[in-house]
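Listed here are the chains, written in short residue letters.
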Amino acid sequence: MSERLDWSDPTLREWDCTVLWSDASDPEAGIVLDRSAFYPGGGGQPPDHGVLLWQGVQTRIVDTRKGDDFHLIPAPGDPVPPVGTSVRGAIDDERRSSLMRTHSGLHILCGTVFRDFGALVTGGNMQPGEARMDFNLPEVPPGFKQALEDAVNAEIAADRKIVARVLPREEALQIPTLVRTQDALPPLEQPEIRVIDIVGLDVQADGGTHVASTGQVGRVEVVKVESKGRQNRRVRIRLT
């Protein structure tokens, strides 16, 4: 399996690695590296974009396919480095940094709504700088939109630490707030579970990339609150 550099250091943008598997006759099968900082996508966070540099050649990476390993998908027409090739990987910094801020912003939103209303998440999606999260929240009080925006930005201003930890499964399952989704569950059967802790606000299982503190998110605007059926409310946010 590829070593997950995105987990050990989410600020890493360039690194040296070796191609473990590729097939020039089938570029869409992807490229497997021995060490990779490309976030492969999951939990609502899209995969990273970037490049592989090798022997004076550039291969653009535009997607990731999950299978027996993480297979990096090259842009159509770009060359595929052969197995054993030493390459230098580089992440699109602007996209990744924006996604990290956005993902952490969603966790602040989730933690705030759970703390203040006890609502679980029923869905979500993000793109760089904007996102939406659905909650099992049948009733909202007057002024909910502005009050929620103010509460989220108060947590950002508090500059709480955001810590990623990998815990033994049994220890992680003792955390009462480990799962905040109502339906879709993370893979809790694994021997170890990665946990994101916004210290003093939110602790839950998560595999994505995050900034180091809430202050790095920047200000969040609650753009819209929509009704999605009798039980669900969709909250759309944007980084400003």
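For every chain, the first residue of its written sequence is number 1, and the numbers climb from 1 along that sequence. With pLDDT at 70 or above as the cut-off, local features in this predicted model cover only qualifying residues; side-chain atom pairs require 80 or more to be listed or tallied, and sums for whole chains, interfaces and linings still use all residues. For the side-chain quantities, the full set of heavy atoms in the structure was used; hydrogens and water were omitted.

- In the annotation of an unreviewed UniProt entry, the protein is listed under the name Ala-tRNA(Pro) hydrolase and assigned to Paractinoplanes tereljensis.
- UniProt positions are given in the numbering used here, feature names are shortened, and annotations may be inferred rather than shown by experiment. Taken directly from UniProt, the Subcellular location (unreviewed entry) text for the protein runs: "Cytoplasm".
- Quoted verbatim from the Cofactor (unreviewed entry) field of UniProt, the annotation for the protein is "Zn(2+)".

### Notes on the environment of Ala158
And step 1. Secondary structure counts use DSSP, requiring at least four H or I residues in a row for a helix and at least two E residues in a row for a strand, with both numbered from the N terminus. Residue position: Ala158 is located in the loop between helix H3 (144–157) and strand S11 (162–168).
And step 2. Since its relative accessible area comes to 45%, Ala158 is described here as partly exposed. Buried residues are those whose accessible area, probed at 1.4 Å on protein chains only, stays under 20% of the maximum for their type, while exposed residues exceed 50% and partly exposed ones sit between those limits.

### Focus: the environment of Gln190
And step 1. Here Gln190 lies in the loop between helix H4 (169–172) and strand S12 (192–198).
And step 2. Owing to a relative accessible area of 38%, Gln190 belongs among the partly exposed residues under this scheme.
And step 3. Separated by 22 residues in the primary sequence, Gln190 and Pro168 have C-alpha atoms spaced 8.9 Å apart.

### Here we look at the sheet that holds strand S10 (residues 130–136)
Picture the strands of a sheet paired through backbone hydrogen bonds; they go either parallel or antiparallel.
And step 1. Should DSSP find at least two bridges between two strands, the strands are taken to pair. Taken in spatial order, the 4 strands of this open sheet run S9-S10-S15-S14, and their pairing is antiparallel. Looking along the sheet, the strands with just one partner apiece sit at the ends: strand S9 (121–127) and strand S14 (220–228). Adjacent strand axes in the sheet meet at a mean angle of 15°, parallel and antiparallel pairs treated alike.
And step 2. Bridge analysis of S14 against strand S15 (residues 232–239) gives 8 bridges, and the strand direction is antiparallel. Each bridged residue has a counterpart across the sheet, and for Glu226 the counterpart in S15 is Arg234.
And step 3. Running at roughly 25° to S10, helix H2 (residues 93–117) makes contact with S9, S10 and S15 of the sheet. As a rule, the C-alpha atoms of each element are fitted with a line to give its axis, helices using only the stretch in contact, and angles between N-to-C directions run from 0 to 180 degrees. Contacts are assigned to residue pairs with any non-hydrogen atoms lying within 4.5 Å of each other.

### Observations concerning the pattern of salt bridges
And step 1. When a carboxyl oxygen of Asp or Glu lies within 4 Å of a side-chain nitrogen of Lys or Arg, that pair is called a salt bridge. Tallying each qualifying case throughout the model produces 17 salt bridges.
And step 2. The shortest N-O distance in the salt bridge between Arg88 and Glu14 comes to 3.2 Å. Of this pair, Arg88 sits in strand S8 (residues 86–91) while Glu14 sits in strand S2 (residues 14–21); the two residues are 74 residues apart in sequence, bridging distant segments of the chain.
And step 3. Overall, Glu14 belongs to the partly exposed group, its relative accessible area being 46%.
And step 4. Note that Glu149 and Arg219 form a salt bridge whose closest N and O atoms lie 3.6 Å from each other. Within this pair, whereas Glu149 is found in helix H3, its partner Arg219 is found in the loop between strand S13 (202–205) and S14, the two being separated by 70 residues in sequence.

### Brief notes about H2
And step 1. Look at H2: 36 Å from first C-alpha to last across 25 residues, which is about the 36 Å you get at 1.5 Å a residue.
And step 2. In the analysis that follows, any N or O atom pair within 3.5 Å is treated as a polar contact, provided that within protein one partner can donate a hydrogen and the other can accept it, and provided that, for residues neighboring in sequence, both atoms belong to side chains. Its side-chain oxygen at 3.3 Å from the backbone nitrogen of Glu94, Asp92 defines the N-terminal cap of H2.
And step 3. At the exit of H2 stands Gly118, carrying a positive phi of roughly 70°. How far a helix is expected to stretch is found by multiplying one less than its residue total by 1.5 Å.

### A short note on the nonpolar core
And step 1. Among buried residues, the Ala, Val, Leu, Ile, Met, Phe, Trp, Tyr and Cys ones that are joined through side-chain atoms within 4.5 Å form a nonpolar core. Ranked by internal contacts, the top residues of the largest apolar core, which has 29 residues, are Leu109, Phe135, Leu148, Val235 and Ile237.
And step 2. Per element, the largest residue contribution to this core is 7 residues, and it comes from H2.
And step 3. Discounting residues that sit within four places of it in the chain, Leu148 has contacts with Leu109, Thr112, Val113, Val222 and Val235.

### Observations regarding the side chain of Asp202
And step 1. Among the structural elements, Asp202 can be located in strand S13.
And step 2. Apart from residues no more than four positions distant in its own chain, Asp202 is found in contact with His107, Gly111, Arg180, Ile196 and Asp197.

### Re the packing of H2 against H3
And step 1. In contact at an axis separation of 10 Å, H2 and H3 are set at 115° when each is read in the N-to-C sense. In this structure, H2 meets H3 at a crossing whose hand is right-handed. Between H2 and H3, the contacting residues are Ile108, Leu109, Thr112, Val113, Arg115, Asp116 and Phe117 on the first element and Phe144, Leu148, Ala151, Val152, Glu155 and Ile156 on the second.
And step 2. When residues are grouped by polarity, Ala, Val, Leu, Ile, Met, Phe, Trp, Tyr, Cys and Pro land in nonpolar, Asp, Glu, Lys and Arg in charged, and all others, Gly among them, in polar. Of the residues assigned to the contact of H2 with H3, the class counts are 9 nonpolar, 1 polar and 3 charged. The crossing is said to be left-handed when, going from far helix to near helix, the turn is anticlockwise and less than a right angle, and right-handed when the turn is clockwise.

### Some thoughts on the layout of surface pockets
And step 1. Cavity means a closed set of points on a 1 Å grid over the protein atoms alone, one where a 1.4 Å probe fits but cannot get out, pocket means an open set with protein on both sides within 12 Å along at least 5 of 7 lines, and lining means a residue has an atom within 4 Å of a point. Grid points are joined across faces, edges and corners, and a volume is the space filled by probe spheres set on the points. In this structure, the second largest pocket occupies an estimated 160 Å³ of space.
And step 2. Considering the residues around the second largest pocket, the lining is formed by 13 residues, among which Pro10, Ile162, His210, Val211 and Ala212 are closest to the centre.
And step 3. For the lining of the second largest pocket, the secondary structure elements donating two or more residues are S11 and S12.
And step 4. A per-element tally of the lining of the second largest pocket places S11 first, with 3 residues.
And step 5. Here the residues of the lining of the second largest pocket are counted per class, giving 9 nonpolar, 3 polar and 1 charged.

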